[in-house]
Amino acid sequence: MAAVTEVGGIKLGKLLIEGKTKQVYDVPSQPGHSILLNKDRITAHNGVRAHDLEGKAKISNQTNAKVFTLLNRAGLKTAFVRMVSDNAFLARKCEMVPIEWVTRRLATGSYLKRNPGVKEGYRFAPPKQETFYKDDANDDPQWSAEQIVSAGFKVNGVLIGQDEVDIMRQTTILVFEILERAWASRDCALIDMKIEFGVDADGQLLVADVIDSDSWRLWPSGDKRLMVDKQVYRNLASVTASDLDTVKRNFVWVSEQLDKMVPSNDHLVVVLMGSPSDKEHCEKIARNCRELGLNVELRVTSAHKGTTTTLQIVNEYESVLHNLVFITVAGRSNGLGPVLSGNTNYPVINCPPVKPENVSLDVWSSLNLPSGLGCATVLYPEAAALNAAQILGLNNFLIWARLRVKQLQNFAGLIYADKGFRGVRKTEETSAEMK
């Protein structure tokens, strides 16, 4: 593939790297970014098998963009920025970690060869995570976490140690689980997949490279015979033009299915406050809801002073939506949450605006419920939003994904914070240097 000087109106700099199926160019006009240009080329077995496949560059580029857009919407840190042409996309420039991170839900393929005695279809729960060193000459050997740490890779100034391995491992599993749920919405089983990481100029670990039909195994209805991934190409004894057409049709089907994965935006969190004086507390709840991708509305009503109006508000929402959560904010004697809980089948979460001087009294009226009522009670606006997201995430994989990303951020944040206080590893490093 000849060098290109411009893509999508963007002038390209030098060719940074060329692989079997893509080229990566510098972008002088946008420091810290690069352009990944796909090729009309399909390969397998580390390049031993390779064919031209007209249209593959466009299909792969579209598939990759749709996958990364979904991951970005979930809040994951990725290198992907945007598509710039049919066959190219803009990304944050990264130095790549030379490891492939593979996640498996079912045992199949190379796993069975490396683990004789395991039956095909064995289900891993949690998903099985494996790592492979990128080395075509030696067929990408499997590496342990200890080997990765011992290699001492320094990537864009970041030493890849146990902390970075732990974060990449958890991120890899999360990417798989998000896409697994997304594909399940199309009655398609994600069997396994691989991703790669890069480190940008700011030292951030990012999900990078590409994720397309070369990256995973997909079995519609969970049936291996219906596979629509590159394994079809790998399995061919010989490759005919008709075979390549079949592979291309599969890749097109995958790209089209990704368009249908956007969850319906048919949910709502209704925050009802017993008094306009509770506005600040309710706005905190609303802000936390929106950060989790939730639709939210604020209303003012009192179960004590306007019972009929309160129930009318609930009935109005119930008549138009089926994915509803009510959050009630009422101080002193909380009748709002219990009254709603006794008159709706939708979840009700109490989040009273308690004051330090009378916290026990205010909370007690939310907790000491009559029989037959099932509303929950939390004290903090963030907790109310998280509880609502957990409920709505049961039927919306994108909301579920945002919650899982938040868990990952908490996990990584603690690791990075601990680095500043840790002494054992620093002592070990100092001792090693003295020797």
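Residues numbered from 1 in each chain as written. Predicted model: local features only at pLDDT ≥ 70, side-chain atom pairs only at ≥ 80, totals over all residues. Heavy atoms only, no water.

Q: Can you help me understand the environment of G47 in this one?
A: The topology assignment puts G47 in the loop between strand 6 (41-44) and strand 7 (49-52). The spacing of G47 and K20 is 27 residues in sequence and 7.1 Å in space, taken between C-alpha atoms. (Helix = DSSP H or I, 4+ residues; strand = E, 2+ residues; numbered from the N terminus.)

Q: How should I be thinking about the packing of helix 1 (residues 56-74) against helix 4 (residues 162-184) in this particular structure?
A: Think of two packed helices as two axes; the pair is described by the angle between the axes and how far apart they sit. At a closest axis distance of 11 Å, the pairing of helix 1 and helix 4 adopts a crossing angle of 110 degrees. It follows that helix 1 is roughly perpendicular to helix 4 by the angle criterion. Pair helix 1 / helix 4 crosses with right-handed handedness. Across the interface between the two elements, V67, L70, L71 and A74 from helix 1 touch V175, I178, L179 and A182 from helix 4. For the contact of helix 1 with helix 4, the residue count by class is eight nonpolar, no polar and no charged. (Axes fitted to C-alpha atoms, helices over the stretch in contact; angles between N-to-C directions. Parallel < 35°, antiparallel > 145°, perpendicular 65-115°, else oblique. Left-handed = near helix turned anticlockwise from the far one by under 90°. Contact = heavy atoms within 4.5 Å. Nonpolar A, V, L, I, M, F, W, Y, C, P; charged D, E, K, R; others polar.)

Q: It is not clear to me how the pairing of strand 3 (residues 15-18) should be interpreted in this structure. Could you clarify?
A: Side chains on a regular strand alternate between the two faces of the sheet. In this structure, strand 3 lies alongside strand 4 (residues 22-26), joined through three bridges in antiparallel fashion. Note that in strand 4 the partner of E18 across the bridge is Q23. Linking strand 3 back to strand 4 in an antiparallel pair, the connection comprises three residues. (Pairing = 2+ DSSP bridges.)

Q: Can you walk me through the side chain of R404 in this structure?
A: In this fold, R404 is placed in helix 12 (residues 397-419). Sequence-distant contacts of R404, that is, excluding residues within four places in its chain, are made with L174 and E177.

Q: Got a minute to help me understand the packing of helix 11 (residues 381-392) against helix 12 in this structure?
A: Helix 12 packs onto helix 11 with a crossing angle of 130 degrees between their chain directions and a minimal axis gap of 8 Å. As summarised for this structure, helix 11 and helix 12 are arranged oblique, according to the angle between their axes. The handedness of the crossing between helix 11 and helix 12 is left-handed. Only I399, L403 and K406 of helix 12 make contact with helix 11, whose side of the interface consists of E382, L386, A389, Q390 and L392.

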